[in-house]
Number of protein chains: 2
Amino acid sequence: MRKIKLTKDAVDGLLDNLLKRSPNNYGQYTDAVNEIVETVKKDGDAAVFEYTKKFDGADITPENFIVSDAEIEEAYAVVSADVLEVIRKAIVNIRTYHEKQKQYSWFDSQPNGTILGQKVTPLTRVGVYVPGGKAAYPSSVLMNILPAKVAGVEQIVMVTPPGKDGKVNPGTLVAAKEAGADVVYKVGGAQAIAALAFGTESIPKVDKIVGPGNIFVALAKKAVYGYVSIDSIAGPSEILVIADETANPRYVAADLLSQAEHDELASAILVTTSESLADQVSEEVDAFVKKLSRRTILEKSLENYGYILIAEDLNGAVDIANAIASEHLEIVTKNPFEVMTQIKNAGAIFLGEYSSEPLGDYFAGPNHVLPTNGTAKFFSPLSVDDFIKKSSIIYYSRQALEPVKDEIIKFAESESLTAHANSIRVRFEK
Amino acid sequence: MRKIKLTKDAVDGLLDNLLKRSPNNYGQYTDAVNEIVETVKKDGDAAVFEYTKKFDGADITPENFIVSDAEIEEAYAVVSADVLEVIRKAIVNIRTYHEKQKQYSWFDSQPNGTILGQKVTPLTRVGVYVPGGKAAYPSSVLMNILPAKVAGVEQIVMVTPPGKDGKVNPGTLVAAKEAGADVVYKVGGAQAIAALAFGTESIPKVDKIVGPGNIFVALAKKAVYGYVSIDSIAGPSEILVIADETANPRYVAADLLSQAEHDELASAILVTTSESLADQVSEEVDAFVKKLSRRTILEKSLENYGYILIAEDLNGAVDIANAIASEHLEIVTKNPFEVMTQIKNAGAIFLGEYSSEPLGDYFAGPNHVLPTNGTAKFFSPLSVDDFIKKSSIIYYSRQALEPVKDEIIKFAESESLTAHANSIRVRFEK
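Calculation rules
- Residues numbered from 1 in each chain as written.
- Chains lettered and ligands numbered in written order.
- Predicted model: local features only at pLDDT ≥ 70, side-chain atom pairs only at ≥ 80, totals over all residues.
- Heavy atoms only, no water.
- Least-squares fit on C-alpha atoms with pLDDT ≥ 70 in both.
- UniProt positions renumbered as here; feature names shortened; annotations may be inferred.
- Contact = heavy atoms within 4.5 Å.
- Helix = DSSP H or I, 4+ residues; strand = E, 2+ residues; numbered from the N terminus.
- Buried < 20%, exposed > 50% of the residue type's maximum accessible area, 1.4 Å probe, protein only.
- Polar contact = N/O pair within 3.5 Å; in protein donor to acceptor, adjacent residues only side chain to side chain.
- Pairing = 2+ DSSP bridges.
- Buried area = accessible area lost by both parts, 1.4 Å probe.
- Salt bridge = Lys/Arg side-chain N within 4 Å of Asp/Glu carboxyl O.

**Here's the deal with the relation of the copies chain A and chain B**
Point 1. Relative to chain B, chain A is turned by 180 degrees and slid 0.0 Å along the rotation axis, the superposed coordinates differing by an RMSD of 0.0 Å. Seen this way, the second copy is the image of the first under a two-fold rotation axis. Residue K222 of chain A, judged by its C-alpha, is the member of chain A lying nearest the rotation axis, at 4.1 Å.

As structure tokens, then:
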């Protein structure tokens, strides 16, 4: 891995390089995606089936569009009992964590007769996109569906592309069933997003679409934003490790690689105050890469977006971590909790030498759908919040309105909104 | 106002008509907006000044770009003492309500050595867009800035278009100062949104952009979404009143008009179980319209998007209210709180005969920036939540990780992510 001393210029170059990976930089596919979206909006199922034939090579009809009970049973027969047991344990942990995120309606009343509050309502229907093929991750199915279930969403509509044989990945199906998807449609890509956003003869229109996908899926989600809500647009995975001389270089190296293996755009960055740790991690990385099964991907992503940065002190390390706003941040220092207090921007923060990032991907409970590509500056992990919305509640008695009526009228008239003023005035006319 | 009995066909036609007003339906301006956005991204201040000359007719330079202290003083001299006092009282109410929305970091620890939590951090820098000209509403400035202040945002950068004379609306300036904007730049339109999203020589890049604007502003916000966060894209204003025979027709009529006066795309809808109330409201509306100053706008918006709907019973009224998902919903029935329990979709809910909508616009405290155009199905009022983000916190001790290590490894390997498995395994190697 390349080793760099942190200077202003180095940081700027690094940030520019990382941002190249943004899904916002693939405008060349916009027209193609918009055409798919418009065609599905206009032609519904017919367009969906045609695109599925074209892009997935599968013959889908209204009859085999929905994954059948028999297909789900087949999937259970394929998935090993061991993996099913882990899935079920992970579900317990994910549910337990997300239950703590629940927000409740509240109100505040005053004796003069005012009630002000906020009513929390779950979304009615949510669409969950699940990638097919190589990127079919049952863990991701759990992470997208369970917060919606905890929020109280009435119907969860899952979409996932079929293989050429018209079948869906069995691990995906088992995870969907265990997590509580209400129905699974065999459709992927931009056509799936459009179908969820506008509805077709078969697929009901949803209120929000969540779930990761390729660039076509990301651009389609952006195109339909406003017609429906979407989760944040997922970019390539990232890890940043802040480590001092107390860190175990072998653990740090293994953790860097755990994200670098995702794809060639993934980024793994170590920021350390210790040059000797930097050298040791670099050696461990090289040794691991040779032995790991996804070696080709690892080599490419490390070459493109892997960095070892030497910081003068922990403050410098924290500054660059906040500037990068990494999806995953590990803090492996003498006092990780203290360093955490200075972190402003990160999707998930892993503390200490046993909190390795895959623990969060699979098992601990917090969501693994996290803001990428610097968006942790303003976006949050997927959560129960994503599946609720709020309404303000306002009640004023006559007794409460009377003493403030003139002020409201004055404010309205200062904005030349006379009908606004009139609606207060009329209540106190003789 | 047109009167319609509620049938399935009538509802479909009505919903289609209302959705015509969506900012998503103005694709013809997309190319023009994208060009402005790209030019500002590339050329910074120079492009901003050129567009300001072109669209606002104002000569802006680096020297007069920021509203000066002298200009703010001038603004205070123009705004009446009465209005300033109302602004200050409204600020107290808005702050008090929004303080109750604050979310706090939390964690949960288990004696085996696990700590799981959620850290709440305010956004660092936020951009607030404030329209100029006729749509300059000081109340809107308060509603956009105060939740950010309550959340703890470090810097609030306001932008608003100058008049030809290079000056900014004094009411806007006074509200900005009172609410706590840190700096005000004289720029509006798509060029202002692009400047906030990417930064220029003068304007710092922000994390999120909020605030209403015309169609160019709305499309520019959608274009930069992902580079920064945005609030929901505002459409034309709406009110829906559910009323039974106990309602005062004069109050209902006045309230319908209070939203209809906003602009020609605004929508005012009464849903009632009482034909006699329907007739009385219709008469009162006609009488008020003749006397109100914004008569031309009122007549147009009522003709285009005003409806009186007759429902068979309150359940029917609630169903159509949920289908329309109005920005403002008034419930003026014998038992408004009971009806409220059935409302799923509405921006703000006003209960009883003295809770007229303008009370919420100006004074009560809840935010008046609300989801429009059916988006209350999935979006919420602007709130403190819009100005924070969350990071997951994960700590596992060796003692906590050891008993679950094999399961995490199994899950990772079932997804063929061997480097993920390795990062757990390496911690327990001999």
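**Observations regarding the UniProt feature "binding site: NAD(+)" (unreviewed entry) in chain A**
All names here are of chain A.
Point 1. Per the UniProt record, "binding site: NAD(+)" (unreviewed entry) is found at Y129, Q191 and N214. A maximum C-alpha distance of 12.5 Å places the annotated residues, which cover 86 residues in sequence, within one compact spot.
Point 2. Every residue in contact with Q191, bar those within four places of it in the chain, is listed here: I36, V40, V48, Y51, T52, F55 and D56.
Point 3. One can find N214 in the loop between strand 7 (208–210) and helix 9 (215–224).
Point 4. For N214, a relative accessible area of 46% gives the class partly exposed.
Point 5. At 3.1 Å, the side chain of N214 forms a polar contact with the backbone nitrogen of F216.

**Quick look at unusual backbone geometry**
Excluding glycine, residues mostly carry a negative phi; peptide bonds, for their part, are mostly trans.
Point 1. A positive phi is found at S416 of chain A, a non-glycine position, where the angle reads about 60 degrees.
Point 2. Counting through the fold element by element, S416 of chain A comes out in the loop between helix 17 (405–414) and helix 18 (418–425).

**With respect to the sheet that holds strand 8 (residues 229–230) of chain A**
Residue and element names in this part refer to chain A.
Point 1. Strands sit in the order 6-5-4-7-8 across an open sheet of five strands; the sheet is parallel. Either end of the sheet is taken by a strand with one partner, and the two such strands are strand 6 (183–186) and strand 8.
Point 2. Across two bridges, the pairing between strand 7 and strand 8 is parallel. Bridge pairing in strand 8 links K208 to S229.

**As for the interface of chain A and chain B**
Point 1. The interface is formed by 120 residues belonging to chain A together with 120 residues belonging to chain B.
Point 2. Between chain A and chain B, the buried area comes to about 10700 Å², and carbon and sulfur atoms account for 59% of it.
Point 3. Run the count over chain A and chain B and you get 14 salt bridges.
Point 4. Between E429 of chain B and R250 of chain A there is a salt bridge, with its nearest N and O atoms 2.3 Å apart.
Point 5. Counting across the interface, chain A meets chain B through 72 residue pairs in polar contact (both at pLDDT 80 or more).

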